[in-house]
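# Architecture at a glance
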Amino acid sequence: MGHLTMLPAWQALRRHYDQFKNRHLRELFAEDGGRAERYVLEAAGLFLDYSKNRLNDETLACLLDLARERNVEAQRDAMLSGVHINTSEDRPALHTALRAPRDAIICVNGHNVVPDVHKVLDHMGAFARDVRSATWRGHTGKPIRHIINIGIGGSFLGPQLVYDALRPYALAGLDCTFVANIDGAELAEALAGKDPAQTLFIVASKTFSTLETLTNARLARRWLIESLGTEEAVARHFVAVSANVEAAVEFGISPENVFGFWDWVGGRYSVESAIGLAAMVAIGRDVFGEMLAGSRAMDEHFRSAPLAANMPVIMGLVSVWYNNFFGAETLAILPYAHALARLPAYLQQLVMESNGKRVDAMGELVEVDTGPVVWGEPGVDGQHSFHQLLYQGTRLVPCDMIGFVEPLSRYHRSHDLLMASLFAQSEALAFGRTGEQLRALGVPAARAQFEACEGNRPTNMLLGQRLDAGTLGALIALYEHSVFVQGAIWGVDSFDQWGVELGKDMARHIIREIETGIVGEHDASTRQLLGRYLALRHANGHQVRE
Ligand code: F6P
């Protein structure tokens, strides 16, 4: 693919950056009256205003050249058609097939996977219907009132995001709790007060080998059997979602209660596979289907819109611009919607596990910085904590802000206040307030120097009509594809995650040492910490047990 930084478009961007870097959004808006109208896009029910970014037509032209020189369109088509673009694991990355219509044909190694996808969706739909209508009952005949999803990473963050975001559409009287952490406190809290006879566990794990998930699932199983007095209860209270059906069956879940998916769906891209089962049971198959349709509409836009009018492409390129030229290290996700409180956490995994890579798909060191650190909180909460740094700190923090025209609650004035804050933040971050303006407002010069906000802080503004399933699906696919575009520019494999294996491997060794009390080879610090832990734990009379 050639050296990224040697490409004509990269070099043009570097030259352009040198003469553009100090331009202020105030000047850019003043000199270009059509900017706000020109730098907007609409797709799949989402409106993106990217005019408050530090760029102009020349920037965009160079970024689009870069996308062409990196063959982003060809890479996209390869992904959408099932080519093994996950080279280090020799697999396709076909999450888009999860929302393909029934009559689509998408082949993996010559096999059309779309009928398989719909077979699982039908299985999920029938199960969701039965639980919701109380046709599916617990072992003692009581209807299910509580769902506990046990899973971590992509097997947790996705379904939790969907459940939280679409809770207004969920069936009353059926709640979902998500247990991810191996810290038993989380499981204990989830089980507290639940009637075992009305609780259904969904063990969600692509590999069905994840220590945290299996530990929690075993403990939950024991709780259920102890409470209901028989192992037979497991069949009515445990289902599994996994690409490793055999392991789920070996765990003791009946094969007909295992919802499958495939190794060509990455964990962080799996929310619309059977991993979304907990959410589907809560919101019903139809609403889940609307989410798939929203994602599909964004997929179609990504597939067919020209690069310059392609929302995920533009968002991905703008992110590269800040990351690699302005040296911005982070990206703040600020949803002005309480129901999207978990979106920053979801996107953290999506972005950082996908593009937190130091070698490219050929195994060569990448010459430039790759994925940004993603963080965020819902607005307006963040305004009263970290926005100070966004306004007056020394670092450049590009922000994605997300809001909706219609409220989800009946508190309409609160919604207007929320949206007023959203618009005010993006305006204030972009344009700031100079010392001169402050003095004109009567602020004494001595104080104006502290109050002044220089502005020129960039934001993307995403607006939707209403936070519903379709919009959520579009938002999820938008970020998936934006992450893909960035990975394609950097030439990394956005679909593997080898880095997380090292810590897992070490933990497996250390747990054996904790259990036996025999500490092996470690660095001096880890040895000391383990020694201290073992000594204090035993001194306090605790026993180490499973
Ligand atoms: O540890 C990282 C990871 O492999 C994620 O990619 C994945 O989403 C998560 O663990 C959970 O994996 P599984 O669904 O196989 O339990």
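Just above, that's the structure.
Reference entry: report on the structure contained in this document. (Residues numbered from 1 in each chain as written. Predicted model: local features only at pLDDT ≥ 70, side-chain atom pairs only at ≥ 80, totals over all residues. Heavy atoms only, no water.)

## Here's the deal with the nonpolar core
When a protein is soluble and globular, its nonpolar side chains tend to lie buried together. The following threshold applies: Throughout, nonpolar core names a set of buried Ala, Val, Leu, Ile, Met, Phe, Trp, Tyr and Cys residues whose side chains join them through atoms within 4.5 Å. Remark: exposure states derive from per-residue accessible area (1.4 Å probe, protein chains only) relative to the maximum for the residue type, with buried under 20%, exposed over 50%, and partly exposed in between. For the purposes of this entry, the term helix denotes a DSSP run of H or I that reaches at least four residues, the term strand denotes a run of E that reaches at least two, and both are numbered from the N terminus. Note on definitions: a residue-residue contact is assigned when non-hydrogen atoms from the two residues lie within 4.5 Å.
Trp 264, Trp 321, Leu 340 and Leu 472 are the most contacted members of the largest nonpolar core, which has 136 residues in total. When residues in this core are grouped by element, the largest group, 14 residues, is from helix 20 (residues 469-490). In contact with Leu 472, not counting residues within four places along its chain, are Leu 161, Val 162, Ala 165, Leu 166, Met 291, Leu 340 and Leu 467. Ile 150, Ala 190, Phe 201 and Val 258 belong to the second-largest nonpolar core, a separate cluster that totals 26 residues.

## Considerations on helix 20
Keep this limit in mind: Helices are assigned an expected span. That span is 1.5 Å times one less than the residue count.
Taking 1.5 Å of rise per residue, the 22 residues of helix 20 would be expected to cover 32 Å, and the 32 Å separating its terminal C-alpha atoms lies within 8% of that figure. Directly beyond the C-terminal end of helix 20, a positive phi value near 80 degrees is found at Gly 491.

## Notes on the sheet that holds strand 5 (residues 146-150)
Basically, it comes down to this: By the convention used here, strands pair only if DSSP detects at least 2 bridges between them. Angular values range over 0 to 180 degrees, each being the angle between N-to-C directions of two axes fitted as lines to C-alpha atoms, with helices fitted over their stretch in contact.
The five strands are arranged 6-5-7-8-9 in an open sheet whose pairing can be described as parallel. Looking at strand neighbours, the two that pair on one side only are strand 6 (175-179) and strand 9 (258-260), the edges of this open sheet. Averaged over all pairs of adjacent strands, the angle between their axes in this sheet comes to 20 degrees, without regard to strand direction. Here strand 7 (residues 199-204) pairs with strand 8 (residues 238-242) via four bridges, running parallel. Residue Phe 201 lies in a different strand from strand 8, and its bridge partner there is Phe 238.

## Quick look at the site of the ligand
Basically, it comes down to this: We call a residue near a molecule or strand when any one of its heavy atoms sits within 4 Å of it. Polar contacts, as counted here, are pairs of nitrogen or oxygen atoms within 3.5 Å of one another; within protein the pair requires one atom able to donate a hydrogen and one able to accept it, and residues that are adjacent in sequence qualify only if both atoms are side-chain atoms. Per-residue accessibility takes into account occlusion by the displayed protein chains alone, with areas from the Shrake-Rupley method and a 1.4 Å probe.
Not every one of the 14 residues close to the ligand is listed here, only the nearest: Ser 155, Ser 205, Lys 206, Thr 207 and Thr 210. A distance of 2.6 Å separates an oxygen atom of the ligand from a polar side-chain atom of Ser 155. Side-chain polar atom of Glu 353 to an oxygen atom of the ligand: 2.8 Å apart, as the coordinates give it. Protein contact buries 88% of the 400 Å² of open area that the ligand shows by itself. Among the elements of the structure, helix 7 (154-165), helix 15 (343-355) and helix 21 (499-516) are those that each provide at least two residues to the shell around the ligand.

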